[in-house]
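Structural characterization, general
Each chain, letter by letter, is given below.
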Amino acid sequence: MDPLSIILWPLKWVVELLLTGWHSLLSLAGLDPEAGLTWVLSIVGLVLVVRALLIPLFVKQIKNQRKMLEVAPQLKKIQDKYRGKRDQLSREAMSRETMAVYKNAGTNPLGSCLPLLVQMPIFFALFSVLNDAQHSKTGVGPLNEELAQQFGSASLFGAPLHMSFSTAMGEGEVGVMVIAAVMVVLMTSSQFITQLQIVSKNISEETKASPMFRQQRILLYLLPFVFLFSGFAFPLGVMFYWLTSNIWTMIQQFIIIRNMPMPGTEAAKEREARLARKGKLEVKDTTDGAGTVVIQEKKPTQRQQPVGKNRAKKSGQAKRPGAPESGPATSGK
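Procedures and definitions
Residues numbered from 1 in each chain as written. Predicted model: local features only at pLDDT ≥ 70, side-chain atom pairs only at ≥ 80, totals over all residues. Heavy atoms only, no water. Helix = DSSP H or I, 4+ residues; strand = E, 2+ residues; numbered from the N terminus. Buried < 20%, exposed > 50% of the residue type's maximum accessible area, 1.4 Å probe, protein only. Contact = heavy atoms within 4.5 Å. Areas by Shrake-Rupley, 256 points an atom, 1.4 Å probe, with all protein chains shown as cover. Patch = residues over 30% accessible without salt bridge, like charges linked within 9 Å, V, L, I, M, F, W, Y side chains within 5 Å. Salt bridge = Lys/Arg side-chain N within 4 Å of Asp/Glu carboxyl O. Lys, Arg positive; Asp, Glu negative; His and termini not counted. Charge placed at Lys NZ, Arg CZ, Asp CG, Glu CD. 1 Å grid on protein atoms, 1.4 Å probe; cavity = no way out; pocket = protein on both sides within 12 Å on 5 of 7 lines; lining within 4 Å. Points joined across faces, edges and corners; volume = space filled by probe spheres on them. Nonpolar A, V, L, I, M, F, W, Y, C, P; charged D, E, K, R; others polar. Phe/Tyr/Trp six-rings, centres within 6.5 Å; stacked < 30°, edge-to-face > 60°. Core = buried A, V, L, I, M, F, W, Y, C linked by side-chain atoms within 4.5 Å. Domains from an automatic or database assignment.

Regarding the overall build of the chain
On a plain count of helices and strands, the chain comes out with 13 helices and four strands. Sorting the 333 residues of the chain into buried and exposed places 33% on the buried side. Here the contacts in the chain between residues at least 6 apart in sequence split such that 65% fall between residues at least 24 apart. Total accessible area on the chain stands at roughly 21300 Å², and carbon and sulfur atoms take up 62% of it.

Structure below.
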């Protein structure tokens, strides 16, 4: 067994457990266990569970990106300070100061990549299980021979889930080709919309002026064509998984950009405008020291709870017997 298979074995076992678990639940609910719809819904349930479990990693990634944005001005100062200095001492000093900034902010440049690296084996295991099952290959765990054969022979609207557009074209299956083509278009469109949300609304003007953003802009229009052509080789069952995952990502990205946008972006301005219309924004300080107006979200005021007589006596708020009434001082004549 190769090292990759050893790493993926426990992940594939969990994936098979979730897939067969959803299949059993849907079968108990009255759906035909051999029907393609039952297996497609099982795939959808599998993706929803896995993506829900990965939400903490996604939130961690967002927080790390924000911290990296906050320390960007400090990093630029360090780069300007040592610009043009090539000696060993200067490089070491620049490295120490940079690491100190990361340490004080509680972040690191690899923090944004780590969640993605953790997700890659999980998604690869998902793809592997679905692809093997559609070819009636017995899994490593709960996906036994009977279930694998059911999955491999299942069809939706007359289109076998194990077939791809290229396979259907070779066999003259027009119905499968139509369904596969629609799936590829939906996959590509959802991927494009997800990336467009980030590029158009959640990137600051400073970042848009960088060469890295121009490269990202090119990839925005290039990657859909990659998915467009590679999608024709994916079996229908795998495309259902991919489309469900893309839709989850698109909705998740929309919610994050709307409610937790990056500072200084178009999405942040739109959020401030929405809060201002609801009266939930206030100007806390005139400027932040750099000529920028600081706007903070209002915190809900706490309601003053009524104080009982006994509690008031203990806190010294009640009037002592025989004590003079408090009021404006008067001068006696």
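Here we look at a positive patch on the surface
The grouping of Arg-258, Arg-277, Lys-278 and Lys-280 at the surface amounts to a positive patch. Here Lys-278 lies in the loop between α12 (266-277) and β3 (281-285). Its relative accessible area of 59% is what places Lys-278 among the exposed residues.

Some details on empty space enclosed by the protein
Picture a little ball the size of a water molecule; that probe, rolled over the atoms, points out where space is still empty. Tallied over the full model, the rule gives two cavities of 30 Å³ or more. Empty space within the second largest cavity amounts to approximately 30 Å³. Lining of the second largest cavity is provided by Gln-191, Phe-192, Gln-195, Leu-219, Leu-220, Leu-223, Pro-224 and Phe-227. Looking at the lining of the second largest cavity, the elements with two or more residues in it are α8 (174-201) and α10 (211-230). Here the lining of the second largest cavity gets five residues from one element, more than from any other, and that element is α10. A class-by-class count of the residues in the lining of the second largest cavity yields six nonpolar, two polar and no charged.

Structural notes on the packing of aromatic side chains
Scanning all chains against the criterion turns up four aromatic pairs. Centre to centre, the rings of Phe-234 and Trp-242 are 5.8 Å apart; their planes meet at 35 degrees, and the pair counts as tilted. The class of Trp-242 is partly exposed, set by a relative accessible area of 23%. When the ring of Tyr-241 is compared with that of Trp-242, the centres are 6.1 Å apart and the planes differ by 85 degrees; the resulting orientation is edge-to-face. Following the ring pairs from residue to residue traces out a cluster consisting of Phe-234, Tyr-241 and Trp-242.

Focus: the nonpolar core
With 40 residues, the main nonpolar core has Leu-19, Trp-39, Phe-151, Leu-161, Met-239 and Tyr-241 as its most contacted residues. Taken together, the elements giving at least two residues each to this core come down to α1 (3-28), α2 (36-53), α5 (114-134), α6 (145-153), α7 (165-171), α8 and α11 (236-259). For this core, the leading source of residues is α5, giving seven residues. Each of two domains, domain 1 (1-154) and domain 2 (157-275), supplies a minimum of three residues to this core. The contacts of Leu-161, once residues within four sequence positions are left out, are Gly-36, Trp-39, Val-40, Gln-134, Phe-151, Ala-154, Ser-155, Leu-156, Pro-235, Leu-236, Gly-237 and Phe-240. The next biggest cluster of nonpolar side chains, apart from the first, holds seven residues, and it includes Val-71, Leu-75, Ala-93 and Tyr-102.

Quick notes on unusual backbone geometry
It is generally the case that most residues other than glycine have a negative phi and that most peptide bonds are trans. Phi is positive for Phe-157, close to 55 degrees, though the residue is something other than glycine. In this structure, Phe-157 sits in the loop between β1 (155-156) and β2 (159-160).

Quick word on the environment of Lys-76
Along the chain, Lys-76 falls in helix α3 (residues 55-81). Measuring from C-alpha to C-alpha, the distance between Lys-76 and Thr-98 comes to 9.8 Å, with 22 residues separating the pair along the chain.

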